[in-house]
Amino acid sequence: MAEIFSGISKIKYEGPASKNPLAFKFYDADRVVFGKPMREHLPFAMAWWHNLCNAGKDMFGDVTVDKSFGATKDTMAHAKAKVDAGFEFMQKVGIQYFCFHDVDLVPEADDINETNARLDEITDYMLEKMKNTGIQCLWGTANMFSNPRFMNGAGSSNSAEVFCFAAAQVKKALELTVKLGGRGYVFWGGREGYETLLNTDMKFEQENIARLMRMAVNYGRSIGFKGDFYIEPKPKEPMKHQYDYDAATAIGFLRANGLDKDFKLNIEANHATLAGHSFQHDLRVSRVNGMLGSIDANQGDLLLGWDTDEFPFDVYEATMCMYEVLKSGGLTGGFNFDAKTRRPSYTYDDMFEAFILGMDTFALGLIKAAALIEDGRIDEFVADRYASYKEGIGARIASGEATLEECAANAAAAKAPAMPGSGRQEYLESVVNSVLFS
Ligand code: XLS
Ligand code: NI
Ligand code: NI
């Protein structure tokens, strides 16, 4: 088989001083940080849809990148060429995992039975490559938002027939995920939301989404899927409002519907910021609720109001992400680059340089987060800040023993509370800077 990315060899670590655009400056797979090699802290994944399918088309203009990989588009030959390209790419960049939607893999036929036959054929081919390379599947999912039948949602569609098509796609995508040994299965509710409340039965739609998820859990477990299911929250786009708005909303939904034992969250940086939170906020909400499962590692642009899916370069944000991940004891999932090169970055070199940027950014984030934790000043400050709950009335409040009357009596005896202690935000921010830039 001919090399697709000819002229590009395996990307190596050359260190921070390197000026070679096709080398890692910070990602050194074997370097031990915080007790483990970087490759174990950072199970990176390639998103099939962005890296192998997206060719730069936007609302105002056509494709800029040639992603035919030498085949005629939208044929099975093209589907196979994408597999060839994908595996060559992952091997060269040193990525261990991939993520996919059903329709990323093959062209969708008019008849779902034909689509499923194509999926069987392509996953046989992928399995072969996986055996030869050791590359694995991080997670699979079904695309239940692109096809016009999903215009009103999938689980939340007003049409029971459309619901059944969604169920059929989930069933197949779960079978494929199991076949490929995927660690997880994602629900991103692309159109699970509404354009207007005037035509929407919100309660019924949300109950139906939960029913679809329950069916998926039952079926998945029955065919041997042992991994985590994930909800990937996003507040809007393509719908005006999406039900899985943010981490807190998704956790509430999972708990209310008894799905929280089988599901965790897949937090995407750009979705968190679209919800008006920081990336770290949604990671923290997930972590403190024991629900941090996987990450879609990308970056938005705060000056733009949509999901720009950029490769991450913000080291501060990556550091805060890795701080949450380390505190969480790692991920059961991984770091999926749900990211695309900018439209004018249309060469094969750009594809590699984008992954190098993302991997280096997270490697730096890991190094700096470990340094922040080892430095200890932040954790120490936070522990001290709540010291009043360690003894006396505070300890009784924290243990749940204190009553309202007891607290009121305490206040009456004190007459007026002492100042609660400075938050020292500026000091803490300067600690972060000194750790980041030392
Ligand atoms: C879109 C989502 C999507 C999911 C997978 O905004 O990020 O790519 O990750 O369906
Ligand atoms: Ni995503
Ligand atoms: Ni996204």
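Shown above is the structure to which this text applies.
Below is a summary of the structure that appears in this document. Given the structure is predicted, the values throughout are model-derived calculations rather than measurements.

1. Considering the site of ligand 1
Point 1. Neighbouring ligand 1 are Trp-49, His-101, Trp-139, Trp-188, Glu-232, Lys-234, Glu-268, His-271, Asp-296, Asp-307 and Asp-338.
Point 2. Here Glu-268 contributes a side-chain N or O atom positioned 2.7 Å from an oxygen atom of ligand 1.
Point 3. One nitrogen or oxygen atom from the side chain of Asp-296 is found 2.9 Å from an oxygen atom belonging to ligand 1.
Point 4. The protein chains hide 94% of the 290 Å² of surface that ligand 1 would expose on its own.
Point 5. Of the residues assigned to the shell around ligand 1, the class counts are three nonpolar, two polar and six charged.

2. Quick word on the layout of surface pockets
Point 1. In this structure, the second largest pocket encloses a volume near 660 Å³.
Point 2. Gln-280, Arg-284, Ile-378, Val-382 and Leu-428 are, among the 21 residues lining the second largest pocket, the residues nearest its centre.
Point 3. At the level of elements, helix H10 (279-288), helix H11 (315-327), helix H13 (377-385) and helix H16 (425-436) are the ones that each hand at least two residues to the lining of the second largest pocket.
Point 4. Ranked by residues supplied to the lining of the second largest pocket, first place goes to H13 with five residues.
Point 5. When the residues that make up the lining of the second largest pocket are grouped by side-chain class, the tally is 10 nonpolar, five polar and six charged.

3. Observations concerning helix H3 (residues 76-93)
Point 1. With 18 residues, H3 extends 25 Å from end C-alpha to end C-alpha; this agrees with the ideal 26 Å at 1.5 Å per step.
Point 2. Across the 18 residues that make up H3, a large majority, 15, are buried.

4. Observations concerning the sheet that holds strand E10 (residues 228-231)
Point 1. Sheet architecture is closed into a barrel: eight strands sit in the order E5-E6-E7-E8-E10-E12-E13-E14, paired in parallel fashion. In this sheet, neighbouring strand axes are inclined to one another by 30° on average, regardless of whether the strands run parallel or antiparallel.
Point 2. Pairing of strand E13 (residues 292-296) with strand E14 (residues 335-337) involves two bridges; the strand directions are parallel. Bridge assignment links Asp-296 to a residue of E14, and that residue is Asn-336.
Point 3. In the packing of helix H7 (residues 202-222) onto the sheet, the strands contacted are strand E8 (184-187), E10 and strand E12 (263-268), and the crossing angle to E10 comes to about 160°.

5. Considerations on the environment of Tyr-27
Point 1. Here Tyr-27 shows up in the loop between strand E2 (23-24) and strand E3 (32-33).
Point 2. Overall, Tyr-27 belongs to the buried group, its relative accessible area being 6%.
Point 3. For the pair formed by Tyr-27 and Asp-104, sequence separation is 77 residues and the distance between their alpha carbons is 28 Å.
Point 4. Leave out the neighbours within four places in its chain, and Tyr-27 touches Tyr-13, Met-38, Arg-39, Leu-42, Phe-44, Met-359, Asp-360 and Ala-363.

6. As for helix H8 (residues 247-256)
Point 1. Among the residues of H8, Ala-247, Ala-250, Ile-251, Phe-253 and Leu-254 are the ones counted as buried. Down the axis of H8, the buried set is contained in an arc of 160°. They therefore lie on one face.
Point 2. Where H8 is buried, its residues contact H7, E10, E12 and H10.
Point 3. Following H8 by one or two positions, Gly-258 has its phi on the positive side, about 65°.

7. A word on the coordination of the nickel ion (ligand 2)
Point 1. The coordination sphere of the nickel ion (ligand 2) contains the protein donors Glu-232 (OE), Glu-268 (OE), Asp-296 (OD) and Asp-338 (OD), at a distance range of 2.0 to 2.1 Å.
Point 2. Given six donor atoms and angles of 82 to 176° at the metal, the environment of the nickel ion (ligand 2) is assigned as octahedral.
Point 3. Here the donor residues of the nickel ion (ligand 2) share one chain and are spaced in sequence as E-x35-E-x27-D-x41-D.
Point 4. In this structure, the nickel ion (ligand 2) lies 3.8 Å from the nickel ion (ligand 3), and both are coordinated by Glu-268. Remark: Glu-268 occurs in strand E12 and Glu-232 occurs in the loop between E10 and strand E11 (241-242); sequence separation between them is 36 residues.

The rules we used
- Within each chain, residue numbers correspond to sequence positions counted from 1 in written order.
- Written order determines the labels here, with chains lettered from A and ligands numbered from 1.
- It should be noted that, the model being predicted, local features are given only for residues of pLDDT at least 70 and side-chain atom pairs only at 80 or more, the latter also being counted only at that level, while totals for whole chains, interfaces and linings use all residues.
- For side-chain calculations, the full set of non-hydrogen atoms in the structure is used, while hydrogens and water are omitted.
- Nearness is defined per residue: one heavy atom within 4 Å of the molecule or strand is enough.
- Any pair of N or O atoms that falls within 3.5 Å is considered a polar contact. Within protein, one atom must be able to donate a hydrogen and the other to accept it, and sequence-neighbouring residues count only if both atoms are side-chain atoms.
- In these tables, accessible area is a Shrake-Rupley quantity obtained with a 1.4 Å probe, and a residue counts as shielded only by the protein chains included in the view.
- Side-chain classes follow a simple rule in which Ala, Val, Leu, Ile, Met, Phe, Trp, Tyr, Cys and Pro form the nonpolar group, Asp, Glu, Lys and Arg form the charged group, and the remainder, Gly included, forms the polar group.
- Residues are said to line a cavity or pocket when one of their atoms sits within 4 Å of a point; the points come from a 1 Å grid over protein atoms alone, cavities being sets where a 1.4 Å probe fits but cannot get out and pockets being open sets with protein on both sides within 12 Å along at least five of seven lines.
- Grid points are joined across faces, edges and corners, and a volume is the space filled by probe spheres set on the points.
- Strands here are runs of E lasting at least two residues and helices are runs of H or I lasting at least four, both read from the DSSP assignment and numbered beginning at the N terminus.
- Working rule for helices: expected span equals 1.5 Å times residues minus one.
- Exposed residues in this analysis have more than 50% of their type's maximum accessible area, buried residues have under 20%, and partly exposed residues fall in between, with area computed by a 1.4 Å probe over protein chains only.
- For two strands to pair, DSSP has to find at least two bridges joining them.
- What counts as an axis is a line fitted to C-alpha atoms, over the stretch in contact for a helix, and the angles between N-to-C directions run from 0 to 180 degrees.
- When checking whether two residues touch, look at their non-hydrogen atoms; a contact exists if any pair is within 4.5 Å.
- An arc is given here, and it is the one of the directions from the helix axis to the C-beta atoms.
- The donor set covers N, O and S atoms within 2.8 Å of the metal, switching to 3.2 Å for Na, K and Ca, and it leaves out water, so a site may look short of donors.
- A four-donor site is classed as tetrahedral when every donor-metal-donor angle falls between 85 and 135 degrees; four donors are called square planar, and six octahedral, when trans pairs exceed 155 degrees and all remaining angles lie between 65 and 115, with any other arrangement labelled irregular.

Remember that the coordinates give geometry; whether it matters functionally is a separate question.
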